[in-house]
Amino acid sequence: MSDSIASAPPQHFNLAAHLCAQNAPRAAKAAYIDDCRTLTYGDLATRIRQFATVLHESGLRREERVLLLAHDTVDWPVAFLGAIYAGIVPVAVNTLLTTADYAYMLSHSRARAAIVSAALSPVLEEALQHAPVFCDQVEYHPFLAQDPLLELARANDVLVTAYSPLAHGRVADDATLAEIGEAHGKSAGQVALRWLLEQPGVSPIPKASSHERRVENFEVFDFELSDEERSRIAGLPKDDRQIDPDDGPDWDE
Ligand SMILES: NC(=O)c1ccc[n+]([C@@H]2O[C@H](COP(=O)([O-])OP(=O)(O)OC[C@H]3O[C@@H](n4cnc5c(N)ncnc54)[C@H](OP(=O)(O)O)[C@@H]3O)[C@@H](O)[C@H]2O)c1
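A. Inspection of the overall build of the protein at higher detail. Helix and strand counts for the protein stand at ten helices and eight strands. Taken along its principal axes, the extent of the C-alpha atoms in the protein is 70 × 45 × 35 Å. A burial count over the protein gives 33% of its 253 residues as buried.

The following block contains the structure:
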């Protein structure tokens, strides 16, 4: 057989696993870039695996379908390939359709869950009527209230992933958070993460480029905030929304 003829794919082939393996040698290179973030091939492989684990832990099984209703950011390939990695079939749909279209697609595809991007969170309520949503990822940190969304998520047993939990790192400059941290031998960033973790159903996903910071951000499970400290954080101004695209919804309606 000639060397120029490509070999047939193996009997068991996972496209996402194949892409991760093929791109392992270029782990530090940019794979996806959006308006705010860059994902390297290394980040992509890690997040694909994490996302696949979350899908499995949420009760989804191989060959089941999930609707993917997400804007065009670096999160999109993570969700799409993460589903494929988990053996789950992502049904990727246009974000500009009507609720009636989504209702039809949910029912026609028999999707067991929907992955909905933060900017489309107002459609969460609609989507909930048609398929279980297990998690909604939104901007959430000590300088931004998400009360209506948290209320809706809790009422429907939906987890909330807090992205930008450190408000792009600005928590480090906050005197209240720093003062609370001092009392526990912790940094302002650790206090912000602890505050989020202490809320039912909320998981923060901090970003940190250095190993030291990543370790710091894990060391938040060995202290607790007092009621008084929680109220001080609750009393900080909560109107600092960082991610607000032109086509974003009226967030709190
Ligand atoms: N779901 C997905 O697939 C996906 C993909 C990409 C991004 N994301 C999320 O999107 C968000 C975007 O990033 P962001 O910049 O808004 O996140 P952020 O976590 O709010 O802030 C990250 C900034 O905070 C700094 N920082 C890290 N740890 C700190 C600490 N303990 N104290 C003080 N500052 C600290 C970092 O600095 P250094 O970097 O210098 O350490 C960086 O400048 C993140 O939550 C990320 O996890 C999600």
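B. Looking closely at the site of the ligand. In the neighbourhood of the ligand, 25 residues make up the surrounding shell, with S164, L166, G169, G189 and S209 lying closest. Broken down by secondary-structure element, the contributors of at least two residues to the shell around the ligand are α3 (75-85) and α9 (211-218). Element by element, the count of residues in the shell around the ligand is highest for α9, at three residues. Class assignment for the residues of the shell around the ligand results in eleven nonpolar, eight polar and six charged. Per-domain counts for the shell around the ligand show at least three residues from each of domain 1 (14-133) and domain 2 (136-240).

C. A look at the environment of A21. With respect to the secondary-structure elements, A21 resides in helix α1 (residues 15-23). In sequence terms A21 and V74 are 53 residues apart; their C-alpha atoms lie 19 Å from each other.

D. Here's a closer look at the environment of E224. Inspection of the secondary structure puts E224 in the loop between α9 and α10 (227-234). Each C-alpha atom of the pair E224 and D239 lies 25 Å from the other, and the pair is 15 residues apart in sequence.

E. Expanded view of the environment of G235. The topology assignment puts G235 in the segment after α10. The exposed category is assigned to G235, around which 9 C-beta atoms lie within 10 Å. When the C-alpha positions of G235 and F51 are compared, they lie 34 Å apart, and in sequence the two are 184 residues distant.

F. Inspection of the pairing of strand β1 (residues 30-33) at higher detail. Across three bridges, β1 lies against strand β2 (residues 38-40) in antiparallel orientation. Bridge pairing links A30 to T40 in β2.

G. Representation of the nonpolar core within the structure. One finds I48, V66, L67, A114 and I115 to be the most contacted residues of the largest nonpolar core, which totals 31 residues. When residues in this core are grouped by element, the largest group, seven residues, is from helix α2 (residues 41-57). The residues touching I48, leaving out its near neighbours within four places in the chain, are A16, C20, V78, L81, G82 and Y85.

H. Here's a closer look at the packing of α2 against α3. Put simply, α2 and α3 touch, their axes get as near as 8 Å, and they point 60 degrees apart. The orientation of α2 with respect to α3, classified from their angle, is oblique. Pair α2 / α3 crosses with right-handed handedness. The residues of α3 that touch α2, namely those facing L44, R47, I48, R49, F51, A52 and L55, are P77, V78, A79, L81, G82, A83 and Y85. Residues belonging to the contact of α2 with α3 are distributed by class as follows: eleven nonpolar, one polar and two charged.

I. Broad picture of the packing of α1 against α3. In contact at an axis separation of 7 Å, α1 and α3 are set at 115 degrees when each is read in the N-to-C sense. Comparing the axis directions of α1 and α3 gives the class roughly perpendicular. Residues L15, A16, A17 and L19 of α1 form the contact with α3, whose participating residues are L81, I84 and Y85. A breakdown of the residues in the contact of α1 with α3 according to their chemical character gives seven nonpolar, no polar and no charged.

Rules of the game
- Residues numbered from 1 in each chain as written.
- Predicted model: local features only at pLDDT ≥ 70, side-chain atom pairs only at ≥ 80, totals over all residues.
- Helix = DSSP H or I, 4+ residues; strand = E, 2+ residues; numbered from the N terminus.
- Buried ≥ 20, exposed ≤ 12 C-beta atoms within 10 Å, placed from the backbone.
- Near = placed C-beta within 6 Å.
- Nonpolar A, V, L, I, M, F, W, Y, C, P; charged D, E, K, R; others polar.
- Domains from an automatic or database assignment.
- Pairing = 2+ DSSP bridges.
- Core = buried A, V, L, I, M, F, W, Y, C linked by C-beta atoms within 7 Å.
- Contact = placed C-beta atoms within 7 Å.
- Axes fitted to C-alpha atoms, helices over the stretch in contact; angles between N-to-C directions.
- Parallel < 35°, antiparallel > 145°, perpendicular 65-115°, else oblique.
- Left-handed = near helix turned anticlockwise from the far one by under 90°.

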